[in-house]
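Residue-level listing of the chains:
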Amino acid sequence: MSSTAAPISPVRPGGPVIAHSERQARKARRERAKRWTKTVVMTVLTLLILAPIFMILMLSVRSGQTAAGTYTWSFDNFTEIFTRTPVFTYLRNSLVVTLGTTVFAVIIGALAGYPMSRLRGRFIRGYTLSLFVVQSLPVIIVVIPLFVVFATLGLADTLSGVAIIFIAGSMAVTCWMMAGYYDSIPIELEEAAWVDGATIWGGFVRVVLRNSYPGILSAAIFSFLVAWNDYLVATVFLRTQSNYTLPIGLQSFFQQNATDWGPVMAMSVIMLLPPVIVFAVLNRFFSIGGIGGAIK
Amino acid sequence: MSDVMTSGEPTTKKAKRPGGRERNPEALHPGRKKTMAAMLLPSIILLIALNAYPLFYAVGQSVRDGGITGPGEFVGLENYRTALQDPAFWEAARFTLLFTVVSVFVAWVIGMGFALVLRRAFPGKSVFKVLLLLPWVVPVVVSTTSWNFMVATPSSPIPTLLRALGFGDVQILANAGTAMAIVIIFKIWGTFPFMMMMMNSALQAVDPSVEEASRLDGASRWQRVRHVILPIISKPIYIAWVLASIFTINDFPSVFLLTGGGPVNSTSTLVVFAYRLVFQDFRTGYGVAVAFLITAVLIAISIYFFRRINRAPMAN
């Protein structure tokens, strides 16, 4: 109260104002100290939590022990895996599968999300719910029947077969994410377009989709992570080494070289870099809060 | 597809939330349901071909004694009875329960704590926000590799540390108790960032004036969190719990790549148990039946939480 009254008070000029500003300065100093304490505590906690990840980076650039018992730092481990293992093939396979999954899962989610957001009624509610049920089934139930079907279709040991399963597996979440994002776009915008003669499709493309880039990016990041990180589907479906994705390649390399940590960690670094880079660059667009909104 | 057309409800029905759901576009755009149906079509086709069909196929497998040699004979519910009488099934069920309840709850507490801390500005806040998501972003195959490095052999960092602290020689992965602990700690490590994200977006919906009012009423920081903030965001909390429980119960690679379910099945979850039945013992029918029992549990959990979600107050 006195903060606004004191300077203009004609009765008690001077003294109280100075005392007040000193108090304020002390308070500001205390606040600043408190904020920096927070930073220090958080730094310690974060370093502890990320220790397993630092370990990977550190071991990947550490080379064999010297006679003196010390280690040298080099990229030898990387040269070794690039020359001795088909890591480029794994990387290429992972990229192909992941990009294919991301593109299709986002397109399907962007399309289905629109009716899920704008239509009301039992059918659409039931559909949203069945997407949820399917999403929560143990993958192992569908893996065996799909393997049988894909074997007869010639898709069993192929990258496109695996990508199709990832698309179906991440589709439920991309649909919810897109529906949740469309919910935040006022329908008045489309109505204005309809009044101007736009079709439903025209309004969707020109008005809704154009305002949904953050939602599209969220859905893309999600399906990217699903496809890049999956282990179970790839391990069941991909049998020949030239078709291995990075998780399978890394795992089989790890099993053959269990004690030779340097090259194993170098391959781990190659596998963790793409999702980490994607997240570091795009994380401010990523929001999974929207998942919750679609479940009602 | 004509179902879609008859399902549009009157526009007078009040929407729960502001935004697009308030009005039905059909009111303004009669006869355009075909567009909407066409937009749903790709996802419906995928849902039927890659989920519904395999599901029915799997129901058939679960009532046969199929294996590597063929689809097998019809045995009715025999596989389910075998599961419910199998001590290994119940051991896996017990560990799955422990694994899920402990890791989901502890991950939530940690994630909630970080979300609360990261609400206010302090130097480096946005950097921490990204860095703390890394355990969730890093592929499980990679993180299990590095956790293996940290615990697997007596000369690994954690056993070395434990020796230095006077705990003697601890064979972390060879001992049932420590193996269970490390699997659960690993899962907490991988799940708390998800909780942090969910709680972070939930907290954004909390009106600062509500909190300010309780502060002026003399509520302590703990009281404000416990009695003001948590009740407001109870709905997103239940959603985060149910999603994390489903992810955890279905989690295959964390357990399989860290311990392989051992030592002596002590860390085998139901999903790992089902995987081994199918792909290592080639008892397809039995394995799929176990997977359906997992599904039954997942559905029960979902129904329980959805009841609570619907009773919970809405965050604005």
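Residue positions are given per chain, counting from 1 as you read along its sequence in written order. The naming scheme follows written order: chains are lettered A onward, ligands numbered 1 onward. At least 70 in pLDDT is required for a residue's local features to be given in this predicted model, at least 80 for side-chain atom pairs to be given and counted, and no such filter applies to totals for whole chains, interfaces and linings, which use all residues. Processing note: side-chain calculations cover all non-hydrogen atoms of the structure and skip hydrogens and water entirely.

For chain B, the name recorded in an unreviewed UniProt entry is Transporter, with Paraoerskovia sediminicola as its organism. The Subcellular location (unreviewed entry) comment attached to chain B in UniProt states, word for word, "Cell membrane". UniProt positions are given in the numbering used here, feature names are shortened, and annotations may be inferred rather than shown by experiment.

The name an unreviewed UniProt entry gives chain A is ABC transporter permease, with Paraoerskovia sediminicola as the organism. You can read under Subcellular location (unreviewed entry) in the UniProt record for chain A the words "Cell membrane".

Attention now moves to the overall build of chain B. The helix and strand labels rest on DSSP assignments: H or I over at least four residues marks a helix, E over at least two residues marks a strand, and numbering proceeds from the N terminus. Each helix and strand in chain B was counted, giving 16 helices and 0 strands. Each residue gets one of three labels from its accessible area relative to the maximum for its type: buried under 20%, exposed over 50%, partly exposed in between, using a 1.4 Å probe on protein chains only. Counting over 316 residues, chain B shows a buried share of 51%. Only heavy atoms matter for contacts: two residues are in contact if any of them lie within 4.5 Å across the pair. When contacts within chain B are restricted to residue pairs at least 6 apart in sequence, those whose partners lie at least 24 apart make up 67%. Roughly 14600 Å² of accessible area belongs to chain B as shown, and the carbon and sulfur atoms make up 65% of that amount. What sets the accessible areas is the Shrake-Rupley method with a 1.4 Å probe; for residues, cover comes only from the shown protein chains.

What follows concerns the packing of helix α5 (residues 87-118) of chain A against helix α13 (residues 246-256) of chain A. Think of two packed helices as two axes; the pair is described by the angle between the axes and how far apart they sit. All names here are of chain A. It is the contact of α5 with α13, at a shortest axis distance of 8 Å, that shows an interaxial angle of 150°. It follows from the interaxial angle that α5 and α13 lie roughly antiparallel. Contacts between α5 and α13 involve Val-87, Tyr-90, Leu-91 and Ser-94 from the former and Leu-246, Pro-247 and Gly-249 from the latter. Axes, fitted as lines to C-alpha atoms, cover a helix only where it is in contact. Angles between the N-to-C directions of the axes lie from 0 to 180 degrees. Orientation labels follow simple angle bins: below 35 degrees gives roughly parallel, above 145 gives roughly antiparallel, 65 to 115 gives roughly perpendicular, and whatever is left gives oblique.

Before going further, it helps to examine the UniProt feature "transmembrane region" (unreviewed entry) in chain A. Here, UniProt's "transmembrane region" (unreviewed entry) annotation points to residues 39-61, 95-114, 126-153, 159-179, 216-238 and 264-286 of chain A. With 83% helix and 0% strand, residues 264-286 of chain A has end C-alpha atoms that lie 30 Å from one another.

In the numbering used here, UniProt assigns the "domain: ABC transmembrane type-1" (unreviewed entry) feature to residues 91-282 of chain A. The span residues 91-282 of chain A carries 82% helix and 0% strand; its end-to-end C-alpha distance comes to 21 Å.

Where helix α4 (residues 78-85) of chain B is concerned, the buried positions are Asn79(B), Tyr80(B) and Ala83(B). The buried side chains of α4(B) occupy one side of the element, clustering within an arc of 100° when seen end-on. It is the directions from the helix axis to the C-beta atoms whose arc is reported.

All names here are of chain B. In the contact formed by helix α8 (residues 140-151) and helix α9 (residues 157-164), the axes pass within 4 Å of each other and the chain directions differ by 30°. Between α8 and α9, the contacting residues are Phe-149, Met-150 and Val-151 on the first element and Pro-157, Ile-158 and Pro-159 on the second. The classification used treats Ala, Val, Leu, Ile, Met, Phe, Trp, Tyr, Cys and Pro as nonpolar, Asp, Glu, Lys and Arg as charged, and all other residues, Gly among them, as polar. Broken down by class, the residue content of the contact of α8 with α9 amounts to 6 nonpolar, no polar and no charged.

In the numbering used here, UniProt assigns the feature "domain: ABC transmembrane type-1" (unreviewed entry) to residues 93-307 of chain B. End C-alpha to end C-alpha, residues 93-307 of chain B measures 24 Å, and it is 75% helix and 0% strand.

This part is about the interface of chain B and chain A. In this complex, chain B contributes 93 residues to the contact, which on the side of chain A involves 94 residues. Defined in terms of a 1.4 Å probe, buried area is the accessible area two parts forfeit on being brought together, summed over both. Carbon and sulfur atoms make up 78% of the surface buried where chain B meets chain A, a total of about 8800 Å² over both sides. Any Lys or Arg side-chain nitrogen found within 4 Å of a carboxyl oxygen on Asp or Glu counts as a salt bridge. One can count 0 salt bridges joining chain B with chain A. Of the residues contributing to the side of chain B that touches chain A, the split by class is 64 nonpolar, 19 polar and 10 charged.

The next thing to look at is the packing of aromatic side chains. Geometry of an aromatic ring pair is reported as the spacing of the ring centres plus the angle between the planes. Residues and elements named next belong to chain B. Any two of the Phe, Tyr and Trp rings considered here, Trp counted by its six-membered ring, make a pair once their centres fall within 6.5 Å; the pair's planes then place it as stacked at under 30 degrees, edge-to-face at over 60, or tilted in between. This structure, assessed with the given rule, holds 39 aromatic pairs over all chains. For the pair Phe-122 and Phe-128, a centre-to-centre distance of 5.9 Å together with 25° between the ring planes defines the contact as stacked. For Phe-128, a relative accessible area of 7% corresponds to the buried category. Centre to centre, the rings of Phe-256 and Tyr-275 are 5.1 Å apart; their planes meet at 65°, and the pair counts as edge-to-face. Remark: Tyr-275 occurs in helix α15 (residues 270-279) and Phe-256 occurs in helix α14 (residues 253-258); sequence separation between them is 19 residues. Judged by its relative accessible area of 17%, Phe-256 falls in the buried class.

The next point concerns a positive patch on the surface. Residue and element names in this part refer to chain A. Residues with no salt bridge and a relative accessible area higher than 30% make up the patches, which join like charges within 9 Å and nonpolar side chains (Val, Leu, Ile, Met, Phe, Trp, Tyr) within 5 Å. Only four residue types enter the charge count: Lys and Arg as positive, Asp and Glu as negative, with His and the chain ends excluded. A charged residue contributes its charge at one atom only: NZ of Lys, CZ of Arg, CG of Asp or CD of Glu. On the surface, Arg-23, Arg-26, Lys-27, Arg-29, Arg-30, Arg-32 and Arg-35 cluster together to form a positively charged patch. By the element assignment, Lys-27 lies in helix α2 (residues 15-49). Given the relative accessible area of 52%, Lys-27 is considered exposed.

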